[in-house]
Each structure stands twice: as C-alpha cells, then as structure tokens.
Number of protein chains: 4
Amino acid sequence: MLKDTQKQIDEWAQTLEEPYWPPLSQFAALSEEVGEVGRLMNHLYGSKPKKVEEANQELGGEIVDVIFAAMCMANRHGIDLDAEFEKKMDKCYWRDRDRFAKKDHA
Amino acid sequence: MLKDTQKQIDEWAQTLEEPYWPPLSQFAALSEEVGEVGRLMNHLYGSKPKKVEEANQELGGEIVDVIFAAMCMANRHGIDLDAEFEKKMDKCYWRDRDRFAKKDHA
Amino acid sequence: MLKDTQKQIDEWAQTLEEPYWPPLSQFAALSEEVGEVGRLMNHLYGSKPKKVEEANQELGGEIVDVIFAAMCMANRHGIDLDAEFEKKMDKCYWRDRDRFAKKDHA
Amino acid sequence: MLKDTQKQIDEWAQTLEEPYWPPLSQFAALSEEVGEVGRLMNHLYGSKPKKVEEANQELGGEIVDVIFAAMCMANRHGIDLDAEFEKKMDKCYWRDRDRFAKKDHA
C-alpha cells in the first residue's frame with residue numbers, strides 16, 4: 001500500500017515548521033532529483049566516463065528520492081495514491097492492452 | 001510496503017514482450033511524466049491560463065505516472081525500494097535533522 | 001551572438017502585461033518543454049511505438065522551445081548569455097580537455 | 001544568429017572522438033542540467049536554505065549548460081535553430097496573440 005509510505009513521510013514532515021514546500025518549489029525539487037537519476041544513467045549507460053560501481057550503488061537512493069519528492073507533492077495535495085495507482089494499473093491492463101506487444105501464449 | 005507496488009507493476013510488465021524498456025528510454029519516459037506534472041503546476045500555481053479544476057483532477061494521475069516510471073526503473077535494476085526508503089527516512093530524521101526548522105515543543 | 005536572440009525574445013515579452021513569469025513558474029515551463037523532447041526521443045530512439053517522421057518534424061520545434069524557455073529565464077535574471085557561453089567554451093577546451101578522447105592527429 | 005553558436009559548439013565537438021553522444025544519452029545530459037537549474041531555483045526562490053549570492057553567480061552558467069545541451073542535440077540532428085526560432089517567434093506573435101494579456105496602449 002502506497003498509503004503507508006505516504007503516511008511515514010507525513011509523520012516526518014509534520015515534525016517540521018514547514019511540513020511541505022509550496023508546490024512550485026516541490027516541483028523544482030522533483031526535477032532536481034530526476035536530474036540526479038539522469039546523471040547516473042549516463043555514467044551507467046551513456047557516454048560519460050564510466051563509474052559503474054558507484055553509480056549502481058547510488059541508483060536506488062536517487063530513484064527513492066524521486067518517489068519521495070513525488071509523494072511529498074501527493075501529500076500536500078491530499079492525493080490518495082493507492083486509488084490513483086489502481087486506475088493506472090487498470091489503464092495498463094485495459095486501455096493500453098494493444099499498445100505493446102504481448103508475450104505469446106501457447 | 002513499496003514491494004507490493006513494485007510487484008504489481010512487475011506482474012503486468014511480465015505479460016509484455018519487452019517487460020522493461022532500456023534504461024535510457026525509461027529515463028526519457030520518466031522525464032516526460034515529470035514534464036506533465038510541470039504543465040499542471042503552471043496551470044494550478046503559475047502564470048498559465050488557469051484551468052484549476054481540470055488540473056486538480058489530473059494531478060494525482062500524473063504524480064502516479066512519475067512514481068510508476070520510477071518504479072519501472074527500480075524493477076529493471078532489481079532495486080529493493082523498501083530498503084532504500086528506510087535509508088531515506090533515516091537520513092531525514094538524522095543526517096538532515098538540523099537542516100530545516102522544527103516545530104517548537106513546549 | 002546569443003544577445004540578438006535574447007533581445008528578440010525580450011521585444012516580444014515586453015508587449016505582454018507580465019513579460020516574464022515568476023522564476024519557479026518559468027522553471028516548471030522549462031521542465032515541461034524538456035519532457036516534450038523526452039517524449040520525442042522515445043518515439044525516435046526508444047521503445048515507444050515508432051512515429052519517426054512526425055517526431056523528426058517536431059524535434060526542432062521542441063528543442064527551440066527548451067532554448068526559448070531557458071532564455072526567458074536568462075532575460076528575467078539579466079544574464080549575459082554570450083559571456084556565459086564564452087566561459088562554457090573555455091571550460092570545454094581547457095578544463096575538460098582530458099575528459100573525453102580526442103581524435104588522433106597524425 | 002543561433003547558427004554561430006551552433007557552429008562554435010560543433011567546432012569543439014569535432015575535435016572529439018565521439019563528437020555527439022547518442023540521442024538518449026544527450027537527453028539524459030539535458031535533464032541533468034535542467035535539474036541543476038532546479039536546484040538553484042530552490043536556493044533562490046524556494047524553501048531550501050538560502051544561498052542567494054552563490055546561486056545567483058551560478059545561475060548563468062547552469063542556464064548556458066541547458067542551452068549548450070539542447071544545441072548539441074540540435075547539431076546531432078542537423079536542425080537549423082534559426083529557422084525554428086523564427087517559427088517560434090511567429091507563433092508567439094500570431095498564434096498565441098490572444099493567449100496572454102497585452103499591455104494597454106493609450
């Protein structure tokens with residue numbers, strides 16, 4: 001349940017004087033975290049001088065930073081991520097069911 | 001537990017011929033979703049002509065798209081997001097404990 | 001000279017009631033444009049259903065949108081992009097001179 | 001003329017063994033640079049601990065990095081940015097002429 005993760009973030013955020021940043025500031029933070037993932041992508045798979053071991057170790061942390069930043073935005077807006085995630089999976093299974101090739105079944 | 005959400009995504013992904021895109025392609029998809037959130041931010045809080053009701057309705061879906069894209073990257077790399085999230089919360093509570101002002105306690 | 005392009009943008013911007021958006025709103029707009037480029041990248045080079053011809057036609061416009069958004073930010077902050085560009089090229093030629101492999105010279 | 005700037009970048013790029021990175025790698029680099037601008041935005045205008053003087057000094061360099069990365073993509077794809085910029089300005093003046101409030105003229 002994403003709700004549990006949202007709640008853990010909120011419990012921490014509520015200890016702060018300004019639990020959540022203003023939305024456009026939250027968004028800039030999200031973009032910053034995504035840029036960090038981009039940096040690692042280029043060390044791992046792109047044309048940057050390779051630093052594979054370091055980049056692999058950092059990747060999980062940077063991806064969680066993206067999710068954390070996105071969840072802070074969700075919390076600030078009172079968004080129920082489980083309900084939204086359910087809608088997303090429905091779309092994956094149904095609306096987009098012919099969009100990508102499926103595995104063959106004998 | 002983020003693991004459950006990761007698993008739900010993986011169950012769907014495994015029905016596809018190419019369960020996960022190559023990393024740099026996953027990253028471009030993540031950036032695209034973040035751009036969609038930016039678009040809504042400007043309709044809600046920025047200088048774009050206001051479309052508040054529509055944008056509010058869409059925001060949850062776009063934030064989930066960001067989380068979904070980030071989790072696809074995590075799945076492709078075998079990342080345990082719960083372990084990473086725990087490290088993140090530890091940092092919030094400990095390493096950054098003096099970084100942001102706390103609420104006063106009487 | 002980037003100055004000419006900055007000036008052309010400014011001449012247009014000055015016809016508007018709000019010539020430049022607030023910085024965080026400009027930034028969200030920049031991210032949105034970058035997301036558009038990401039979308040095209042995945043149509044051209046990634047795993048999205050290919051729409052090569054359309055995407056190729058749109059790419060120049062989307063890249064210019066990124067540059068335009070970046071220049072609006074520069075204009076709002078009174079940044080002299082030619083001076084900054086000169087510093088950038090100096091760094092390319094000097095500071096990073098051993099960072100990427102050079103072509104061999106006989 | 002953006003062409004001159006594109007050409008200066010190309011003259012440098014052509015001294016490298018791999019003048020331009022593959023497109024998805026260029027895109028990740030662009031996102032990384034945009035994330036750097038986002039970081040400064042939050043130091044200047046957001047809720048991050050303020051480092052106004054440093055951030056102001058760095059901003060021009062980070063914005064030029066975005067433009068540089070976008071121009072590398074344009075160069076790799078043979079895009080004539082002046083032609084695209086002209087189309088963009090036409091759109092600003094004509095297609096979007098009623099989109100934003102204009103200054104009053106007596």
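Remember, it's a predicted structure, so these values are computed and weren't measured experimentally.

**Brief notes about the relation of the copies chain A and chain C**
Two copies of the chain are present, and they differ by a rotation about an axis and a shift along that axis. Overlaying chain A with chain C gives an RMSD of 0.0 Å, the required rotation being 180° about an axis along which the chain moves by 0.0 Å. Here the two chains are linked by the operation of a two-fold rotation axis. It is Leu24(A) whose C-alpha, among those of chain A, lies nearest the rotation axis, at 2.9 Å. In this assembly the copies share their binding face: 100% of the residues contributing to the interface of chain A also contribute to that of chain C.

**Structural notes on the packing of aromatic side chains**
Scanning all chains against the criterion turns up 6 aromatic pairs over all chains. The interplanar angle of 55° and the centroid separation of 5.8 Å between the aromatic rings of Trp12(B) and Phe68(B) together place this pair among those described as tilted. Highlighted residues: Trp12(B) in helix 1 (residues 2-13) and Phe68(B) in helix 3 (residues 52-76), separated in sequence by 56 residues. The ring of Phe68(B) carries Lys88(A) above its face, with NZ or CZ at 4.6 Å from the centroid.

**Some thoughts on the pattern of salt bridges**
Taken as a whole and assessed by the stated rule, the structure comprises 20 salt bridges over all chains. Residues Lys87(A) and Glu84(A) are paired through a salt bridge, measuring 3.5 Å at the closest nitrogen-oxygen approach. Taken as a pair, Lys87(A) and Glu84(A) lie in helix 4 (residues 81-95) at a separation of 3 residues, close to a single helical turn. Residue classification places Glu84(A) among the buried positions, given a relative accessible area of 15%. Close ionic contact of Lys88(D) with Asp65(C) constitutes a salt bridge, the shortest N to O distance being 3.1 Å.

**Describing the interface of chain A and chain B**
Counting residues at the interface gives 52 residues for chain A, matched by 52 residues for chain B. In total, about 4,900 Å² of surface goes out of reach between chain A and chain B, with carbon and sulfur atoms giving 75% of it. Taken as a group, Trp12(A), Phe85(A) and Lys103(A) account for 12% of the area that chain A buries against chain B, more than any other trio of residues on that side. Here chain A is connected to chain B by 10 residue pairs in polar contact (both at pLDDT 80 or more). Residue assignment for the side of chain A that touches chain B shows that the elements contributing at least two residues are helix 1 (2-13), helix 2 (23-44), helix 3 (52-76) and helix 4 of chain A. Among the elements that make up the side of chain A that touches chain B, the one with the highest residue count is helix 3 of chain A (13 residues).

**Quick look at the interface of chain A and chain C**
On the side of chain C, 10 residues touch chain A, which itself brings 10 residues to the contact. For the pair chain A and chain C, the summed buried area comes to about 730 Å², and 76% of that belongs to carbon and sulfur atoms. Connecting chain A to chain C are 0 salt bridges. Across the contact surface, chain A and chain C share 1 residue pair in polar contact (both at pLDDT 80 or more). Tallied by class, residues from the side of chain A that touches chain C come to 5 nonpolar, 3 polar and 2 charged.

**Overview of the side chain of His77(C)**
Mapping His77(C) onto the fold places it in the loop between helix 3 (52-76) and helix 4 (81-95). Polar contacts involving the side chain of His77(C) include one to the main-chain carbonyl oxygen of Met73(C), which spans 2.8 Å. Ignoring sequence-local partners within four residues, the contact set of His77(C) consists of Pro23(C), Gln26(C), Met41(D), Tyr45(D) and Leu59(D).

**Quick look at the relation of the copies chain A and chain B**
You can overlay chain A on chain B at an RMSD of 0.0 Å; the transform is a turn of 180° with a shift of 0.0 Å along its axis. Most of the interface of chain A is mirrored in chain B, where 100% of its interface residues are also at the interface.

**Some points on the environment of Gly35(B)**
Inspection of the secondary structure puts Gly35(B) in helix 2 (residues 23-44). Here the alpha-carbon distance between Gly35(B) and Val66(B), two residues 31 residues apart in the chain, equals 9.6 Å. Leave out the neighbours within four places in its chain, and Gly35(B) touches Ser31(C), Glu32(C) and Gly35(C).

**Some remarks on the packing of helix 2 of chain A against helix 3 of chain A**
All names here are of chain A. It is the contact of helix 2 with helix 3, at a shortest axis distance of 9 Å, that shows an interaxial angle of 160°. Classified by the interaxial angle, the pair formed by helix 2 and helix 3 is roughly antiparallel. Two packed elements cross with a definite hand, and for helix 2 against helix 3 that hand is left-handed. A breakdown of the residues in the contact of helix 2 with helix 3 according to their chemical character gives 17 nonpolar, 3 polar and 7 charged.

**A closer look at the side chain of Asp65(B)**
Mapped onto the elements, Asp65(B) comes out in helix 3. The contact partners of Asp65(B), leaving out residues within four places of it in the chain, are Lys88(A) and Glu33(B).

**Observations concerning helix 2 (residues 23-44) of chain C**
If you check helix 2 of chain C, its first and last C-alpha atoms are 32 Å apart, about what 22 residues at 1.5 Å a residue would give, namely 32 Å. With 21 of 22 residues buried, helix 2 of chain C is to be regarded as a mostly interior element.

**Quick notes on the state of the cysteines**
In this structure the tally under the stated criterion is 0 disulfides over all chains. No disulfide involves Cys92(A); its sulfur sits 7.7 Å from the nearest other cysteine sulfur, which is in Cys72(B). What makes Cys92(A) buried here is its relative accessible area of 7%.

**Notes on empty space enclosed by the protein**
Evaluation of the coordinates by the stated rule reveals 2 cavities of 30 Å³ or more. For the largest cavity, the calculated volume is near 100 Å³. Lining the largest cavity are Ser31(A), Val34(A), Gly35(A), Ser31(B), Val34(B), Gly35(B), Ser31(C), Val34(C), Gly35(C), Ser31(D), Val34(D) and Gly35(D). Secondary structure elements with two or more residues in the lining of the largest cavity: helix 2 of chain A, helix 2 of chain B, helix 2 of chain C together with helix 2 (23-44) of chain D. For the lining of the largest cavity, the class distribution of residues is 4 nonpolar, 8 polar and no charged.

What counts and how
Residues numbered from 1 in each chain as written. Chains lettered and ligands numbered in written order. Predicted model: local features only at pLDDT ≥ 70, side-chain atom pairs only at ≥ 80, totals over all residues. Heavy atoms only, no water. Least-squares fit on C-alpha atoms with pLDDT ≥ 70 in both. Contact = heavy atoms within 4.5 Å. Phe/Tyr/Trp six-rings, centres within 6.5 Å; stacked < 30°, edge-to-face > 60°. Helix = DSSP H or I, 4+ residues; strand = E, 2+ residues; numbered from the N terminus. Lys NZ or Arg CZ within 6 Å of the ring centre and 35° of its normal. Salt bridge = Lys/Arg side-chain N within 4 Å of Asp/Glu carboxyl O. Buried < 20%, exposed > 50% of the residue type's maximum accessible area, 1.4 Å probe, protein only. Buried area = accessible area lost by both parts, 1.4 Å probe. Polar contact = N/O pair within 3.5 Å; in protein donor to acceptor, adjacent residues only side chain to side chain. Nonpolar A, V, L, I, M, F, W, Y, C, P; charged D, E, K, R; others polar. Axes fitted to C-alpha atoms, helices over the stretch in contact; angles between N-to-C directions. Parallel < 35°, antiparallel > 145°, perpendicular 65-115°, else oblique. Left-handed = near helix turned anticlockwise from the far one by under 90°. Expected span 1.5 Å × (residues − 1). Disulfide = S-S within 2.5 Å. 1 Å grid on protein atoms, 1.4 Å probe; cavity = no way out; pocket = protein on both sides within 12 Å on 5 of 7 lines; lining within 4 Å. Points joined across faces, edges and corners; volume = space filled by probe spheres on them.

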